[in-house]
Structures are given as C-alpha cells and as structure tokens.
Amino acid sequence: MGELSTLPNIATKLEAQLSDVGITTIQQLQEVGSREAWLRILANDPSACIMRLSALEGAIQGIRWHYLDEDTKESLKEFYKQHKGEIK
C-alpha cells in the first residue's frame, strides 16, 4: 500500500484504481479533485458508484465520507446523476 492509503476511505482497491488513472500521490488527488478522479476511474470501471465518489471527496477533506456535510453530499449526488443517471 502506498501514500494514498493513508487517507480516510482509500483502501487497496481504490488506491489501485487511482494509480491506474495516473493519480499516485495525495497532492495529485488534491489537485485533480474528487470529481475528475472519479470520472477517470469511471472510464475504466463502469461500476464506479456514488459511494466511491464520496469516498474520494472525503479523502481529500481528510474525513470519512459518512461525515461530509449535506451541501457537499447533495452536490456530489447532482454530479453523479449528470454522469451516471439516477442513484439507485
């Protein structure tokens, strides 16, 4: 496991997916942002879900995704709907 796995929400699989899309450091993830990182993952893995998007945002903020504020959660849901359709 590498540097990214030191962040909340980033386990081995998500760290590997980030690496596959060229994001290997915390700084790169912060610069790219959760939405762009998720879009890159989605291009390789159509099963990328809202929880993965939320996990990325939480990692950037340094918190478990469950504790994202309501405005952020709503913004992520809208972004997700634009790119994947309705949340199931």
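Okay, so let's go over this structure. Because the structure is predicted, anything quoted here is derived from the model rather than measured.

1. Some remarks on the nonpolar core
At step 1: Of all hydrophobic cores here, the largest spans 23 residues; its most connected members are Leu4, Ile10, Leu18, Leu29, Trp38 and Leu56.
At step 2: Those elements that place two or more of their residues in this core are α1 (12-20), α2 (26-32), α3 (34-44), α4 (50-61) and α5 (70-84).
At step 3: It is α4 that provides the largest number of residues to this core, a total of 5 residues.
At step 4: With sequence-adjacent residues up to four places away left out, Leu4 is seen in contact with Ile10, Glu15, Leu18, Ile23, Thr24, Thr25, Ile26 and Leu29.

2. Let's talk about the packing of aromatic side chains
At step 1: Overall, the coordinates contain 2 aromatic pairs when judged by the stated rule.
At step 2: Residues Trp38 and Tyr80 carry aromatic rings whose centres are separated by 5.6 Å and whose planes lie at 50 degrees to one another, so their mutual orientation is tilted. In this pair, Trp38 is assigned in helix α3 and Tyr80 in helix α5, connecting sequence segments 42 residues apart.
At step 3: Classification of Trp38 by relative accessible area gives buried; the value is 0%.
At step 4: Taken together, Trp38, Phe79 and Tyr80 form an aromatic cluster joined through their ring pairs.
At step 5: The cationic tip of Arg35 hangs over the ring face of Phe79; the distance from NZ or CZ to the ring centre is 5.7 Å.

3. Comments concerning α5
At step 1: When the terminal C-alpha atoms of α5 are compared, their 20 Å separation across 15 residues agrees well with the 21 Å that a helix rising 1.5 Å per residue should span.
At step 2: Buried residues along α5 sit in contact with α3 and α4.
At step 3: Its side-chain oxygen at 3.1 Å from the backbone nitrogen of Asp71, Asp69 defines the N-terminal cap of α5.
At step 4: After α5 finishes, the residue Gly85 shows a positive phi value of roughly 100 degrees.

Conventions used here
Residues numbered from 1 in each chain as written. Predicted model: local features only at pLDDT ≥ 70, side-chain atom pairs only at ≥ 80, totals over all residues. Heavy atoms only, no water. Core = buried A, V, L, I, M, F, W, Y, C linked by side-chain atoms within 4.5 Å. Buried < 20%, exposed > 50% of the residue type's maximum accessible area, 1.4 Å probe, protein only. Helix = DSSP H or I, 4+ residues; strand = E, 2+ residues; numbered from the N terminus. Contact = heavy atoms within 4.5 Å. Phe/Tyr/Trp six-rings, centres within 6.5 Å; stacked < 30°, edge-to-face > 60°. Lys NZ or Arg CZ within 6 Å of the ring centre and 35° of its normal. Expected span 1.5 Å × (residues − 1). Polar contact = N/O pair within 3.5 Å; in protein donor to acceptor, adjacent residues only side chain to side chain.

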